[in-house]
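Each chain, letter by letter, is given below.
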Amino acid sequence: YEEQKSPDGLAQAFIIGESFIGNDNVCLVLGDNIFYGHGFSGLLHEAIDNLDNNISSIFTYFVNDPQDFGIVEFDDKGHVKSIEEKPDKPKSNFAAVGLYFYTNDVIQISKEVKPSDRGELEITSVNQEYLKLNKLKALLLGRGFAWLDTGTHDSLLEASNFIRTIETRQGLKVSCIEEIAYKYGYINKDILNKIA
């Protein structure tokens, strides 16, 4: 773990984590974001495949209050046309969520980002640079998918109620690490029983 000593923006994560990242591509997921929906693993694999083709990926989600987010505008073919951070007049309702897959050059790009008016190295500025380089793809978290940003007290309560409803209704745990490890063969039945 490395500490960000002051709130200087999300893009600073790549500068702080440079030695950890090394020569690898990188995924950044915001700790207060929850993603839930069928087909999510496929979207993650698509983002990894994009990296193999030297393309970085962001994820988008339709929101009712676009002025509160980084907003992605698409052209008529579904390609990213523009990205703006918390625009007064949003060009779409598609927010860039807190999940990003970047090629290794994100470190250098982040070092070259100029601080915003808020004094932060904005992740939107990184995304805009990838867009200029024609190396950015946006993947849509579509209908029936839940993206929950738990950064406020109200949104944390909403997310808690959502997860409780799913688990109560289905009788299954959401993102149970032990179940996932067993399903993919990382642990055997004996270890699963011991954990249980």
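Scroll up to find the structure.
The following refers to the structure shown. (Residues numbered from 1 in each chain as written. Predicted model: local features only at pLDDT ≥ 70, side-chain atom pairs only at ≥ 80, totals over all residues. Heavy atoms only, no water.)

### Comments concerning the nonpolar core
Worth spelling out the cut-off: Put simply, a nonpolar core is a bunch of buried Ala, Val, Leu, Ile, Met, Phe, Trp, Tyr and Cys residues held in one set by side-chain atoms that sit within 4.5 Å of each other. Using a 1.4 Å probe on the protein chains alone, a residue whose accessible area is under 20% of its type maximum counts as buried, one over 50% counts as exposed, and one in between counts as partly exposed. Only DSSP runs of H or I covering at least 4 residues are called helices, and only runs of E covering at least 2 are called strands; the numbering of each starts at the N terminus. Whether two residues are in contact is decided by their heavy atoms: any pair within 4.5 Å suffices.
Core analysis: the largest hydrophobic core is formed by 23 residues, its most contacted members being Phe14, Ile58, Tyr102, Val106, Val126 and Tyr130. For this core, the secondary structure elements donating two or more residues are strand 1 (26–29), strand 5 (80–85), strand 6 (94–102), helix 4 (106–112), helix 5 (123–132) and strand 7 (136–140). Discounting residues that sit within four places of it in the chain, Tyr102 has contacts with Phe14, Asn25, Val26, Leu51, Ser56, Ile58, Ile123, Val126, Asn127 and Tyr130. Core analysis: the next-biggest nonpolar cluster, separate from the first, contains 18 residues, Leu43, Leu99, Leu139 and Phe145 among them.

### So, the pattern of salt bridges
Worth spelling out the cut-off: Salt bridges are counted wherever a side-chain nitrogen of Lys or Arg sits within 4 Å of a carboxyl oxygen of Asp or Glu.
Inspection of the entire model under this criterion finds eight salt bridges. Among the salt bridges present, the one from Glu3 reaches Lys5, with a minimum N-O distance of 3.8 Å. One exposure class covers both Glu3 and Lys5, and it is exposed. Here Lys173 makes a salt bridge to Glu167, at a shortest N to O gap of 3.4 Å. On the basis of relative accessible area, Lys173 is assigned to the exposed category, the value being 56%.

### Focus on the packing of aromatic side chains
Note the cut-off: Only Phe, Tyr and Trp rings are paired, with Trp represented by its six-membered ring, and only when their centres lie within 6.5 Å; those with planes under 30 degrees apart are stacked, over 60 edge-to-face, the remainder tilted.
All told, the structure shown has twelve aromatic pairs when counted by the stated rule. Taken together through their ring pairs, the aromatic side chains of Phe14, Tyr100, Tyr102 and Tyr130 make up a single cluster.

### What to know about the pairing of strand 4 (residues 70–74)
In the case of a regular strand, side chains alternate between the two sheet surfaces. Put simply, the test is: Strand pairing follows a simple DSSP-based rule, namely that at least 2 bridges must link the two strands.
Within strand 4, four of the five residues are buried, which leaves it mostly tucked inside the rest of the structure. Here five bridges tie strand 4 to strand 5, and the two strands are oriented antiparallel to one another. For Ile71, the partnering residue across the bridge sits in strand 5 and is Glu84. Between strand 4 and strand 5, which pair antiparallel one after the other, the connecting turn spans five residues, and Gly78 there sits at a positive phi close to 85°. As defined by bridge partners, strand 4 adjoins strand 6 across two bridges and the pair is classed as antiparallel. Bridge assignment links Ile71 to a residue of strand 6, and that residue is Ala95.

### So, unusual backbone geometry
Notably, Lys86 is not glycine yet its phi reads approximately 45°, a positive angle. Relative to the helices and strands, Lys86 resides in the loop between strand 5 and strand 6. For Lys86, a relative accessible area of 40% corresponds to the partly exposed category. Phi at Asn134 takes a positive value of approximately 60°, unusual for a residue other than glycine.

### Here we look at the environment of Gln12
As a reminder, the rule being used: Think of a polar contact as two N or O atoms within 3.5 Å of one another; within protein, one of them needs to be a possible hydrogen donor and the other a possible acceptor, and neighboring residues in sequence only count if both atoms come from side chains.
Structurally, the position occupied by Gln12 is in helix 1 (residues 12–16). Taking the C-alpha atoms as reference points, Gln12 and Ser56, separated by 44 residues in sequence, lie 17 Å from one another. Apart from the residues within four sequence positions on either side, Gln12 is in contact with Gln4, Ser6 and Leu121. A polar contact is formed between the side chain of Gln12 and the side chain of Gln4, at a distance of 2.7 Å.

### A word on the pairing of strand 1
In strand 1, alternate side chains face the same way, and those of Val26 and Leu28 are buried while those of Cys27 and Val29 on the opposite face are not. Across four bridges, strand 1 lies against strand 6 in antiparallel orientation. Within the sheet, the bridge partner assigned to Cys27 lies in strand 6 and is Phe101.

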